[in-house]
Amino acid sequence: MRRLVDVDTDDTHDTHDTNGSYCEAPGPIAPAPPAGAAEGPPYAECVLCREPTEYPESTKGATLCPVCAWQEAGRTACSG
């Protein structure tokens, strides 16, 4: 058995924005931070590549940047 349903064709309940979009316009976009080292205290340099690390200069011992630390961990893990 088939039944037809009335379809509301009244456009007074339109949910569109005036520009035809369902989404709100995005807010202002913040400018990109300048390239280079992050702001903050002076960071220690990596003992292998001389790039800044995430450690302050006052850190004792051999400091490694994240890339060199990852590579060093891989070398020591696979050295049998």
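Described in the following lines is the structure provided in the data block. Everything numeric in this text was worked out from a predicted model, so none of it was measured.

A look at the overall build of the protein
- Along its length, the protein carries one helix and two strands.
- Helices and strands appear in the protein in the N-to-C order β-β-α.
- Relative to its 80 residues, the protein shows a buried fraction of 8%.
- Of the contacts formed within the protein by residues at least 6 apart in sequence, a portion of 2% connects residues at least 24 apart.
- As presented, the protein carries roughly 7700 Å² of accessible surface, and 57% of it is formed by carbon and sulfur atoms.

What about the state of the cysteines?
- Enumeration over the complete set of coordinates arrives at zero disulfides.
- Here Cys49 stays free of any disulfide, with the sulfur of Cys65 as its closest cysteine sulfur at 3.6 Å.
- Cysteine Cys68 shares no disulfide, and the gap to the nearest cysteine sulfur, in Cys65, comes to 3.6 Å.
- Under the relative-accessibility criterion, Cys68 is labelled buried at 8%.

A closer look at the pattern of salt bridges
- Counting across every chain of the model gives two salt bridges.
- Note that Glu45 and Arg50 form a salt bridge whose closest N and O atoms lie 3.0 Å from each other.
- A residue is classified by how much of its surface remains accessible, and Glu45, at 37% relative accessible area, is partly exposed.
- A salt bridge links Glu72 to Arg75; its shortest N-O distance comes to 2.8 Å. One end of the pair, Glu72, and the other, Arg75, are both in helix α1 (residues 66-77), three residues apart, so they sit about a helical turn from each other.
- Classification of Glu72 by relative accessible area gives partly exposed; the value is 31%.

Parameters and conventions
- Along every chain, residues carry numbers that run from 1 in the direction the sequence is written.
- Local features in a predicted model are, by the rule used here, given only for residues with pLDDT of at least 70; side-chain atom pairs are given and counted only at 80 or more, and totals for whole chains, interfaces and linings are based on all residues.
- In computing side-chain properties, one takes all heavy atoms of the structure into account and sets aside hydrogens as well as water.
- Each helix corresponds to a stretch of at least 4 residues labelled H or I by DSSP, and each strand to a stretch of at least 2 residues labelled E; elements are numbered beginning at the N terminus.
- Summary of the burial criterion: residues with accessible area below 20% of their type's maximum are buried, those above 50% are exposed, and those between are partly exposed, where the area comes from a 1.4 Å probe applied to protein chains only.
- In this analysis, two residues are considered to be in contact whenever any of their non-hydrogen atoms come within 4.5 Å of each other.
- Calculation of accessible area relied on Shrake-Rupley with a 1.4 Å probe; when residues are assessed, cover is drawn exclusively from the protein chains displayed.
- Cysteine sulfur atoms that come within 2.5 Å of each other are treated as a disulfide pair.
- For this document, the term salt bridge refers to a Lys or Arg side-chain nitrogen within 4 Å of an Asp or Glu carboxyl oxygen.

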